[in-house]
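# Working through the structure, step by step
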Amino acid sequence: MHTKARKVMIIGAGNVGTSAAYALLNQNICEELLLVDLDKARSEGHAWDLADAAAYMPGMMTISTREVSDCADVDIAVITVSGGALKPGQTRLDELTATANIVKSIVPQMMAGGFKGIFLIATNPCDIITWQVWQLSGLPRSQVIGTGVWLDTTRLRRTLAQALDIGAQSIDAFILGEHGDTQFPVWSHSSVYGSPIAEVYQRHTGSTLDFDALAERVRKQGFEIYARKGCTEFGIAGTIAEICRNIFTGSHRALAISCILQGEYGVDEVAIGVPAVLAQSGVQQIIELKLAEEEQQKFRQSVEVIKANIARLP
């Protein structure tokens, strides 16, 4: 019988953090939600508002605010802080310095407070900040992960599902690499119940699948949303909830998330989006796909971009 209350701390009570809290609440993924924000009045307001919503849910959920250092009993700490909104023409990498400085002040406080749980990074640039958190925390790499390209992977599957008139769960397709401009779909490992995506697409639509156009469409989707509403929140909130659920249930399901590599794919000293099996202890194993030559080149390019920006960390 499960008796220990599952506790998730969300650091940053902005659009992403509060949307993630609402997703966790509605999916009944944990028993206790803790909100942390420099603006204490705002985080309290969100906590009270979420508590009203929780009253309609089956069972009980406690929602409150805390100081970031009061974290010794937390199972998963979700970092959603941001250094500020992107300006037109900027990319996720332009958020690095401001966000990294905030993270640099938060993580040491948490470690001094006795944090022993799992860090889930959902702020940009995701892969670089995931690496930074791992370095600052000193935790095993299995306990520091980023949302990475799981939302991008979900967008790819959803887009294909709409074209094929089939449930997205039936599509086996991944995006790897940076959660950014150098991400890429792994077409060599994409299928619908064993049938290559291109063949299924041709039979269903009568047209040839334009791989490059689809990859570009998926890559730009987040920016298209951002341009129209000034933020992205619901998709990444669902991603956070999905990852937390798979950790708490020990699903041993493979998701494309940002992981610290130590020799996998022939790479060291980087955090990057790859398929990884999640268990209650975090990342249980990293799945190494045999990539086609062109995919290997794209992966190396993504690694180089991430490493170059890791070198920029303050």
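To be clear, the structure that these remarks concern was listed above.
This one's a predicted model, so the numbers in the text were calculated from it and none came from an experiment. (Residues numbered from 1 in each chain as written. Predicted model: local features only at pLDDT ≥ 70, side-chain atom pairs only at ≥ 80, totals over all residues. Heavy atoms only, no water.)

With that out of the way, let us pick up the overall build of the chain. Looking only at helices and strands, one finds nine helices and 14 strands in the chain. For the chain, the spread of C-alpha atoms along the principal axes amounts to about 55 × 45 × 45 Å. Across the 314 residues that make up the chain, the buried fraction comes to 53%. Counted over contacts in the chain with a minimum sequence separation of 6, partners at least 24 positions apart contribute 71%. In the form shown here, the chain has an accessible surface area of approximately 14100 Å², with 51% of it arising from carbon and sulfur atoms. (Helix = DSSP H or I, 4+ residues; strand = E, 2+ residues; numbered from the N terminus. Buried < 20%, exposed > 50% of the residue type's maximum accessible area, 1.4 Å probe, protein only. Contact = heavy atoms within 4.5 Å. Areas by Shrake-Rupley, 256 points an atom, 1.4 Å probe, with all protein chains shown as cover.)

Before going further, it helps to spend a moment on the pattern of salt bridges. Taken as a whole and assessed by the stated rule, the structure comprises 20 salt bridges. Taking the shortest distance from any N to any O, the salt bridge between Asp37 and Arg42 comes out at 3.1 Å. Arg228 is paired through a salt bridge with Glu224; the nearest N and O atoms lie 2.6 Å apart. Here Glu224 and Arg228 lie together in helix H7 (residues 211-229), a separation of four residues that amounts to about one turn. The class of Glu224 is partly exposed, set by a relative accessible area of 39%. (Salt bridge = Lys/Arg side-chain N within 4 Å of Asp/Glu carboxyl O.)

With that settled, consider the nonpolar core. If you look at the biggest cluster of nonpolar residues, it comprises 103 residues, and the most contacted ones within it are Ile11, Leu33, Met110, Phe119, Ile257, Tyr265 and Phe299. When residues in this core are grouped by element, the largest group, eight residues, is from helix H8 (residues 234-248). Those residues in contact with Phe119 that lie beyond four places of it in its chain are Ala77, Ile79, Val107, Met110, Met111, Val133, Ser137, Leu139, Gln143, Val144 and Ile145. (Core = buried A, V, L, I, M, F, W, Y, C linked by side-chain atoms within 4.5 Å.)

Here the focus is the sheet that holds strand S7 (residues 171-172). Read across the sheet, three strands follow the order S7-S10-S11 without closing on themselves; strand pairing throughout is antiparallel. On the outer flanks of this sheet lie S7 and strand S11 (195-196), each paired with one strand and no other. (Pairing = 2+ DSSP bridges.)

Over its 15 residues, H8 extends 21 Å from the first C-alpha to the last, a length consistent with the 21 Å expected when each residue adds 1.5 Å. Within H8, the full set of buried residues consists of Ile236, Ala237, Thr239, Ile240, Ala241, Glu242, Ile243, Cys244, Asn246, Ile247 and Phe248. Directly beyond the C-terminal end of H8, a positive phi value near 60° is found at Gly250. (Expected span 1.5 Å × (residues − 1).)

The next point concerns the layout of surface pockets. Here the largest pocket is characterised by a volume of approximately 1000 Å³. Looking at the largest pocket, it is lined by 46 residues, and the ones nearest its centre are Val16, Thr80, Val81, Ser82 and Thr123. Elements with a contribution of two residues or more to the lining of the largest pocket: helix H1 (15-26), strand S2 (32-36), helix H2 (40-54), helix H3 (96-112), helix H5 (150-164) and H7. Of the residues assigned to the lining of the largest pocket, the class counts are 19 nonpolar, 18 polar and nine charged. A volume near 370 Å³ is recorded for the second largest pocket. Together, 17 residues line the second largest pocket, and Trp150, Thr154, Arg157, Glu242 and Arg253 are the ones closest to its centre. Looking at the lining of the second largest pocket, the elements with two or more residues in it are H5 and H8. Among the elements that make up the lining of the second largest pocket, the one with the highest residue count is H8 (six residues). Taken together, the residues that form the lining of the second largest pocket break down as six nonpolar, six polar and five charged. (1 Å grid on protein atoms, 1.4 Å probe; cavity = no way out; pocket = protein on both sides within 12 Å on 5 of 7 lines; lining within 4 Å. Points joined across faces, edges and corners; volume = space filled by probe spheres on them. Nonpolar A, V, L, I, M, F, W, Y, C, P; charged D, E, K, R; others polar.)

As for its placement among the helices and strands, Thr99 is situated in helix H3. Ignoring any residue separated from it by four or fewer positions in sequence, one finds Thr99 in contact with Val81, Ser82, Gly83, Thr123, Asn124 and Ile129.

Attention now goes to the state of the cysteines. One pass over the full model with this rule turns up zero disulfides. Here Cys231 is not cross-linked by a disulfide; its sulfur's nearest cysteine counterpart is in Cys126, at 17 Å. Cys231 sits in the buried class, given a relative accessible area of 12%. (Disulfide = S-S within 2.5 Å.)

Here we come to the packing of aromatic side chains. In the structure shown here, the tally under the stated rule is four aromatic pairs. If you follow Arg6 out to its NZ or CZ, it ends over the ring of Phe248, 5.7 Å from the centre. Of note, Arg157 hangs over the ring of Phe174, and the distance from its end group to the ring centre comes to 4.9 Å. (Phe/Tyr/Trp six-rings, centres within 6.5 Å; stacked < 30°, edge-to-face > 60°. Lys NZ or Arg CZ within 6 Å of the ring centre and 35° of its normal.)

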